[in-house]
Amino acid sequence: MKLPFLRRLGRRRQPCDDEDFLLITWDSCRYDTYLTARTPRLDAHCRPRRGWAMGTYTLPAHVAMFHGFLPHVFEPAPFYNRHVQQLWRISHRDLRNPPLVSFPPGAGIVEGFRRRGYFTAGIAAMDWFRDTAALRDGFEYFRVTGIDAQAQNRMLARALEASPGRSCFAFVNYGETHSPYRHRGMKDPNPSLEARYSPRRIFNQRGVWQEAWTFDQEAFASQVTCAEFLDARTGELLDFFERRGRPTTVVVCADHGECFGENGLYGHGFYHEKVMEIPILIFRINAPPHPAPPSDPSADTA
Ligand SMILES: [Zn+2]
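Residues numbered from 1 in each chain as written. Predicted model: local features only at pLDDT ≥ 70, side-chain atom pairs only at ≥ 80, totals over all residues.

Q: I would appreciate a short explanation of the environment of Gly-122 in the present structure.
A: Position of Gly-122 among the secondary structure elements: in strand S5 (residues 119-124). On a C-alpha basis, the gap between Gly-122 and Ala-170 in space is 5.8 Å, while along the polypeptide they are 48 residues apart. In this view, Gly-122 contacts Phe-139, Phe-142 and Phe-171; residues no more than four positions away in its chain are not counted. (Helix = DSSP H or I, 4+ residues; strand = E, 2+ residues; numbered from the N terminus. Contact = placed C-beta atoms within 7 Å.)

Structural data, given as structure tokens:
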């Protein structure tokens with residue numbers, strides 16, 4: 001049973017109710033991959049920050065994001081550092097710095113937006129979203145496409161155009177940066193690279209740190225190429241949101257990183273610095289940046 005004040009909180013109109021939100025994840029994209037890639041479309045909005053994932057693989061990392069925990073950045077920057085200000089979170093009476101958007105307890109962020117009247121739409125590449133109902137909770141519209149960023153953009157645009165006049169929480173999980181690091185139009189599949197990162201090989205590695213190891217430069221270069229491809233696709237999606245014309249807060253990040261042979265490890269799904277370290281960018285389009293939160297003089301004094 002919910003307390004009456006929490007029910008009122010759920011219905012209360014908030015200043016952000018005319019704001020759209022767009023969360024984009026580049027699956028498995030390492031931070032150093034992003035820094036190496038040419039990313040002119042996203043560079044036009046902001047620089048990447050070095051963030052730390054909330055999970056080692058797709059399922060927990062996205063569950064965390066859908067419950068308010070974006071990757072954490074150790075800089076005193078709102079939205080990047082949840083101790084400065086969170087972008088969205090479940091309400092808590094003891095919180096000194098209010099988030100931009102808060103929701104009553106009892107449901108996740110996506111369901112919270114839906115109950116507020118938002119159109120909640122998600123398009124995901126990875127099979128985790130097909131197999132796990134918890135990752136689709138709260139979405140009014142959800143499709144799992146496999147790895148095809150252009151098709152994902154088209155689907156999301158069509159879904160949003162079919163719900164005119166409604167604020168939206170939109171989510172896209174792109175898969176090109178996931179193994180085997182390929183994108184549409186890429187020439188010449190590399191059989192040895194695909195074999196090294198096949199599920200059979202990744203799932204059956206020993207999972208033991210090795211003293212002697214070599215960095216897989218070929219895999220890294222392929223992920224960089226895919227990151228450049230996703231910069232262009234993300235730019236096209238942002239063009240759509242700019243034409244839509246509504247103030248939109250955008251988060252672009254990786255859900256987790258990837259090992260390319262470090263310590264003898266490949267892929268993700270285990271704790272390693274290169275699995276936890278990810279790029280994250282947060283910015284706003286069609287409106288000036290959100291004002292900084294009031295500083296809290298009591299912080300760090302308790
Ligand atoms: Zn993932």
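Q: What exactly am I supposed to notice about the confidence of the model for the protein chain here?
A: Interpretation of the predicted coordinates at a detailed level should be avoided for regions scoring low in pLDDT. On average, residues of the protein chain score 91 in pLDDT, and 92% of them reach the 70 mark or higher. Counted against residues more than four places away or in other chains, residues 1-11, with its pLDDT under 50, gives eight contacts. (pLDDT = per-residue confidence, 0-100.)

Q: What am I meant to see in the sheet that holds strand S1 (residues 20-26) here?
A: Across a sheet, paired strands are connected by hydrogen bonds in the backbone, their directions being either parallel or antiparallel. Across the sheet, which stays open at both edges, the seven strands sit in the order S2-S11-S8-S1-S7-S5-S6 with mixed pairing between neighbours. If you trace the sheet from one side to the other, it starts and ends with strand S2 (49-52) and strand S6 (141-144), each paired once. Along the sheet, successive strands turn relative to each other by an average axial angle of 15°, direction set aside. Where S5 meets strand S7 (residues 168-174), six bridges bridge the pair, whose relative direction is parallel. By the bridge assignment for S7, Ala-124 is matched with Asn-173. Strands S1, S7, strand S8 (248-253) and strand S11 (277-285) of the sheet are contacted by helix H10 (residues 217-244), whose axis makes an angle of about 170° with S1. (Pairing = 2+ DSSP bridges. Axes fitted to C-alpha atoms, helices over the stretch in contact; angles between N-to-C directions.)

Q: Help me understand H10, please; the structure alone is not making it clear to me.
A: Because the α-helix completes a turn every 3.6 residues, residues three or four places apart line up on one side. Compared with an ideal rise of 1.5 Å per residue, which puts 28 residues at 40 Å, H10 spans 40 Å between its outermost C-alpha atoms and is within 8% of the ideal. Immediately downstream of H10, the backbone of Gly-245 shows phi near 85°, a positive value. (Expected span 1.5 Å × (residues − 1).)

Q: Which parts of the structure should I look at to understand the pairing of S1?
A: Most of S1 is tucked away, with seven of its seven residues classed as buried. The side-chain alternation of S1 yields two buried faces, one formed by Asp-20, Leu-22, Ile-24 and Trp-26 and the other by Phe-21, Leu-23 and Thr-25. Pairing geometry for S1 and S8, over six bridges, is parallel. What sits directly across from Leu-22, in S8, is Val-250. (Buried ≥ 20, exposed ≤ 12 C-beta atoms within 10 Å, placed from the backbone.)

Q: When you look at the environment of Phe-66 in this model, what are you seeing that I'm missing?
A: With respect to the element layout, Phe-66 can be found in the loop between helix H4 (58-65) and strand S3 (88-90). According to the C-beta neighbour criterion, Phe-66 is buried, with 23 such atoms within 10 Å. The spacing of Phe-66 and Ile-109 is 43 residues in sequence and 5.3 Å in space, taken between C-alpha atoms. In this structure, Phe-66 is in contact with Gly-108, Ile-109 and Val-110, ignoring residues within four places of it in sequence.

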